[in-house]
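One-letter residues, chain by chain:
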Amino acid sequence: MAKQLLLIDGNSIVFRAFFAMHNQIDKFTNKDGLHTVAIYGFKLMLDHVLDNFHPDAALVAFDAGKKTFRTKMYADYKGGRNKTPEELMEQLPYVHQLVRASGLHSYELKNYEADDIIGTLAKEADDAGYETLVVTGDRDLTQLASDHTTVAVTHKGVTDTEHYTPAHVEEKLGITPKQIIDMKALMGDTSDNYPGVTKVGEKTAIKLVKQFGSVENLYDHIDDLKKSKMKEHLIEDEDVARQCKTLATILRDAPLEISLKDLKYEGEQTEELIDFYQQMGFKSFLAKMNVAPEEGEDQVKPVTYTELTADNLGELDQLSGEVSFYLEMPEANYHLSPFAGFALGDGSHWFVSRDAELLKQAPLKKLLESTTIHKNVFNAKAHIVGLHRLGIELAAVDFDLLLASYLLNTNDNSNDLGQVALEHDYHDVRTDEEVYGKGAKRAIPDDDETFFTHLVQKVRAINDLKAPLFTKLNQNKQTPLYTDIELPLTRVLAKMEITGVHVDAQTLKNMGSKLKERLADIESGIYEEAGEEFNINSTKQLSHILFEKLKLPVIKKTKTGYSTAVDVLEKLADRAPIVEQILEYRQIAKLQSTYITGLLKVIHSSDQKIHTRYLQTLTQTGRLSSVDPNLQNIPVRLPEGRLIRQAFVPSHTGWQIFSSDYSQVELRVLAHITGDKNLQEDFRNGEDIHASTARRIFHLGPDAEIDRNMRRRAKAVNFGIVYGISDYGLAQRIHVTRAQAHEFIQNYFKEFPGVKKYIDDTIAFAREHGYVETITHRRRYLPDIHAKSFNRRSFAERTAMNTPIQGSAADIIKIAMIRMQRELDQRQLKAKMLLQIHDELVFEAPQDEIPVLKKLVPQVMDSAVKLDVPLKVDSKVGDTWYDLK
DNA sequence: TTAGTCACG
DNA sequence: ACGTACGTGACTAAG
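Residues numbered from 1 in each chain as written. Chains lettered and ligands numbered in written order. Predicted model: local features only at pLDDT ≥ 70, side-chain atom pairs only at ≥ 80, totals over all residues. Heavy atoms only, no water.

1. Some remarks on the pattern of salt bridges
Next, step 1: What the rule picks out here adds up to 40 salt bridges.
Next, step 2: Across the pair Glu216 and Lys245 runs a salt bridge, and its minimum N-O distance is 3.1 Å. Pair noted here: Glu216 is in helix H10 (residues 215-220) and Lys245 is in helix H12 (residues 238-248), with a separation of 29 residues, a long-range link.
Next, step 3: The class for Glu216 is partly exposed, based on a relative accessible area of 35%.
Next, step 4: Relative accessible area serves as the criterion here: at 15%, Lys245 is assigned to the buried category.
Next, step 5: Arg767 is the partner of Glu797 in a salt bridge, and the nearest nitrogen-oxygen pair spans 3.0 Å. Of this pair, Glu797 sits in helix H34 (residues 790-826) while Arg767 sits in helix H33 (residues 753-769), and the two are 30 residues apart along the sequence.
Next, step 6: Three or more residues joined by partner-sharing salt bridges are found here, namely Glu486, Arg778, Asp811 and Lys814. (Salt bridge = Lys/Arg side-chain N within 4 Å of Asp/Glu carboxyl O. Helix = DSSP H or I, 4+ residues; strand = E, 2+ residues; numbered from the N terminus. Buried < 20%, exposed > 50% of the residue type's maximum accessible area, 1.4 Å probe, protein only.)

2. What to know about the protein's contact with DNA strand B
Next, step 1: What surrounds DNA strand B is a group of 22 residues, the closest being Thr564, Arg586, Val636, Arg637 and Asp839.
Next, step 2: Within the backbone of Val636, a nitrogen or oxygen atom sits 2.7 Å from a phosphate oxygen of DNA strand B.
Next, step 3: At 2.7 Å, a backbone N or O of Arg637 approaches a phosphate oxygen of DNA strand B.
Next, step 4: The dominant element in the surface near DNA strand B, judged by the number of residues it contributes, is helix H25 (residues 577-601), at three residues.
Next, step 5: The class makeup of the residues in the surface near DNA strand B is seven nonpolar, nine polar and six charged. (Near = heavy atom within 4 Å. Polar contact = N/O pair within 3.5 Å; in protein donor to acceptor, adjacent residues only side chain to side chain. Nonpolar A, V, L, I, M, F, W, Y, C, P; charged D, E, K, R; others polar.)

3. Observations concerning the sheet that holds strand E14 (residues 603-604)
Next, step 1: Across the sheet, which stays open at both edges, the three strands sit in the order E13-E15-E14 with antiparallel pairing between neighbours. Each of the sheet's edge strands pairs with one partner strand only, and the pair in question is strand E13 (501-502) and E14. (Pairing = 2+ DSSP bridges.)

4. Focus on the protein's contact with DNA strand C
Next, step 1: Taken together, 43 residues lie around DNA strand C, and Lys203, Ser538, Ser625, Gly720 and Arg733 are the ones closest in.
Next, step 2: Among the atoms of DNA strand C lying within 4 Å of the protein, the sugar-phosphate backbone contributes 64%.
Next, step 3: Arg780 is positioned such that a nitrogen or oxygen atom in its side chain is 2.8 Å from a phosphate oxygen of DNA strand C.
Next, step 4: For the surface near DNA strand C, the secondary-structure elements that each account for two or more residues are helix H9 (202-212), helix H23 (539-549), H25, strand E17 (625-627), helix H30 (708-723), helix H31 (727-734) and H34.

5. Regarding the layout of surface pockets
Next, step 1: Roughly 1800 Å³ of internal volume is contained in the second largest pocket.
Next, step 2: Around the second largest pocket sit 42 residues that line it, and Val636, Arg637, Ile837, Asp839 and Glu840 are the ones nearest its centre.
Next, step 3: Of all elements in the fold, only H25, helix H26 (639-642), strand E18 (655-662), helix H27 (665-674), H30, H34 and strand E23 (873-878) reach the threshold of two or more residues within the lining of the second largest pocket.
Next, step 4: Ranked by residue count, the leading element in the lining of the second largest pocket is H30, at six residues.
Next, step 5: Both domains that furnish three or more residues to the lining of the second largest pocket are identified here as domain 3 (505-645) and domain 4 (677-751). (1 Å grid on protein atoms, 1.4 Å probe; cavity = no way out; pocket = protein on both sides within 12 Å on 5 of 7 lines; lining within 4 Å. Points joined across faces, edges and corners; volume = space filled by probe spheres on them. Domains from an automatic or database assignment.)

6. Things to note about the packing of aromatic side chains
Next, step 1: Evaluated as defined, the whole model comprises 20 aromatic pairs.
Next, step 2: Note on Phe470 and Tyr482: the rings are 5.6 Å apart at their centroids and 65° apart in plane angle, and the pair reads as edge-to-face. In this pair, Phe470 is assigned in helix H20 (residues 448-475) and Tyr482 in helix H21 (residues 479-499), connecting sequence segments 12 residues apart.
Next, step 3: With a relative accessible area of 2%, Tyr482 lands in the buried category.
Next, step 4: Within the aromatic cluster, the residues linked to one another by ring pairs are Phe28, Tyr40, Tyr277 and Phe282.
Next, step 5: A cation sits over an aromatic face here: Arg779 above Tyr771, 3.8 Å from the ring centre. (Phe/Tyr/Trp six-rings, centres within 6.5 Å; stacked < 30°, edge-to-face > 60°. Lys NZ or Arg CZ within 6 Å of the ring centre and 35° of its normal.)

7. Quick look at the domain arrangement of chain A
Next, step 1: With domains assigned, chain A is organised as domain 1 (4-262), domain 2 (306-475), domain 3 (505-645) and domain 4 (677-751).
Next, step 2: Each of domain 1 and domain 2 has a C-alpha centre, and the two are 49 Å apart.

8. Examining empty space enclosed by the protein
Next, step 1: In total, this model carries two cavities of 30 Å³ or more according to the counting rule given.
Next, step 2: Here the largest cavity is characterised by a volume of approximately 110 Å³.
Next, step 3: Surrounding the largest cavity, 15 residues form its lining, Tyr77, Asp115, Asp140, Leu247 and Ala248 being those nearest its centre.
Next, step 4: A per-class count over the lining of the largest cavity returns five nonpolar, two polar and eight charged.
Next, step 5: Around the second largest cavity, the lining residues are Met496, Glu497, Gly500, Val501, Ile610, His611, Thr612, Tyr614, Leu631, Leu834 and Leu835.
Next, step 6: Every element with two or more residues in the lining of the second largest cavity is listed here: H21 and strand E21 (832-836).
Next, step 7: Considered class by class, the residues forming the lining of the second largest cavity number seven nonpolar, three polar and one charged.

9. Looking at the sheet that holds strand E9 (residues 341-345)
Next, step 1: Pairing within the open sheet is mixed, and its six strands lie in the order E7-E10-E9-E8-E11-E12. Looking at the sheet topology across the chains shown, the edges are occupied by strand E7 (306-307) and strand E12 (397-400).
Next, step 2: Seen against the sheet, helix H17 (residues 401-408) touches strand E11 (374-377) and E12 and runs at an angle of roughly 50° to E12. (Contact = heavy atoms within 4.5 Å. Axes fitted to C-alpha atoms, helices over the stretch in contact; angles between N-to-C directions.)

Given below as structure tokens:
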């Protein structure tokens, strides 16, 4: 087998690591106050690469300084860059140390960039028959790809890379790796600060390179081009293009003092590496090597525990005041999961058992139901539901590790206690994946010692993390969010899940058999049109029929082939009758699979109800989500799908379904947080907001008629504003030209200047602080706000402005839910809250309580928070969820 | 396991 | 010039 060479672009990976993990910068400092995040990220990358690639030779190349032969020939090369942050500069010497301890060579050469070192060695390696892997954060290096050199460019974070081979370059750009140089010469490079030819961007550059092969050949045949602005620019900028080509070219013959034979990969230098990790405070890397964080300190705090049996429950008397508790339910669905065991304790004594039946016995049941003994748990909702199945009402929960951790950083939303603990730098517990395995191999260990140790470690982690997490919540001003909203909401959600919603299986079955007949009809029609039978559900087979056999025009491509999505098919509908049939087939098939068979599968046979689970610690915005099944996406928009709702019925005869929803809550939140006077005024006047927006942005008089089309467009603009608008996106959606869409947006900002200011301010806030907040201080970190990639940065900017809006709306309904449940309890109403669908609450109630709900629910919902504009709530009632009026 | 599609707010 | 609206979950095909 060919020898393998690993070449790493040191500077670019360190930069990537630093900015990719920038939001965690405070988490990574060693005891001397040195920032270590880039060093850590670099090592993550290194380990990841070495997992998959086993080099015989390895080198990390660094830039030697700012001055290079390129700056000598072009003074502005890489000019205008922000200066490297001090927090990053200080880490560079340690990266060199890490490289050495990891057994790799490092090298830098005065007057040359790391690229040139890599280019030169990759060439030497190619000639010597090596297989080379180049790892970099810089796309420019893809010009080095060859039959024996693959270039891995970091894609997201530091370990997720995209591998460029000549074939992959060809596929992505349609040119050879070498031609990337010509492309860059023409288009320039903003980050390296050289201009290229005026008005030529990537698209034009690729076109020209495909046509002429190279910059030189282009100028040899420049006369072949038709007269155009582009041609004028090309002629004008010929010197620039030729100079840029030199700048863009990575050297393959830099005067290195080293060569391949000096680069033997030595493998990890264990002693050195351990010393280094200890100096850096890298506990997780040390743990992986089975080394204690500090010499002399114990590796893992030992656990001692008592196994509980029916005979020694009396020992629990020593627990009082505060107890951490953990009930192991190995399956995600805690409505149905078996119980594998439990553990509890108070920080000094730990108890454990496999037998969940013991929980029903007095000492344990009393402890769990006690309102004076406070409980700390991981996932309170799962525990409330699980214990409810055992006839136990868990009371007095103070601390929910999962919930607190989610509020601190919505990205740390793992359901694995061990992983969550790790996020908070706690290493005395292993992850479930480590102990139980994953996938099909996942199982509770037979060995008591292994299993009990793990359970006790988990419950101890809950106990130990309580104080530090409460401190962090406090620092973030998130204590009220935790105490007054999320924790009480957990109980409300548990109650809704336990109550469940009654679904009539027979109704679904009847619909199912009708749909089945219709599907068979449509199917044969499609086969007839296609002239053959095929699997309509397979996009691959379907696109073969549409775009190859029937030769319909390709509108859009996906990563893997032709797109057959709705918007594409709609454009093709009048070209072939089969398209309409496919659209209908898709619609019916979706209903059949997801909503008929899907729902039938999850009706509990014991009570004919569906018990969803609301995920409270998942979304990045603070919304809930619903799984097993998802009851937040039951069809409503199309009349045929809407019929599904006929199966959702009250659980008692003589009861009805009652529903209230917020009207335009997100736009009202927008009016509130932007403080925009015009938008607020429109809401205070109780106007039809889309109509009044139309009046403003289309400059219509106060009495002018607003036709449906105008209102529709204004509505799209309103949505667009909330989502972070682009003229292109708006144009697509409402079928106008991009210029028109642009004008609409400009008019909007002129009419609603407060909104424009909010958008700018919010993005600035995110850049400065690395996160954005809702009205209740719910946080979302946005590391990509500093991303180099236009795409990723733009996405972060859109989410920066959308999250406070969507998230504050989520805050509002959460508060309403807590107060609503309180009202139902206090008034001892029989009515039950069943569902939350983001801006809507669904109840079931005896008929005689409906008038009460009609008054009470809107009252509670619109007074949940006090905004600068009124909240509006609409209510409906009916015999099924379908019949609401 | 991933991608494509489509259901919802 | 870039590439295109925010947040979700379930199903099917195919690697």
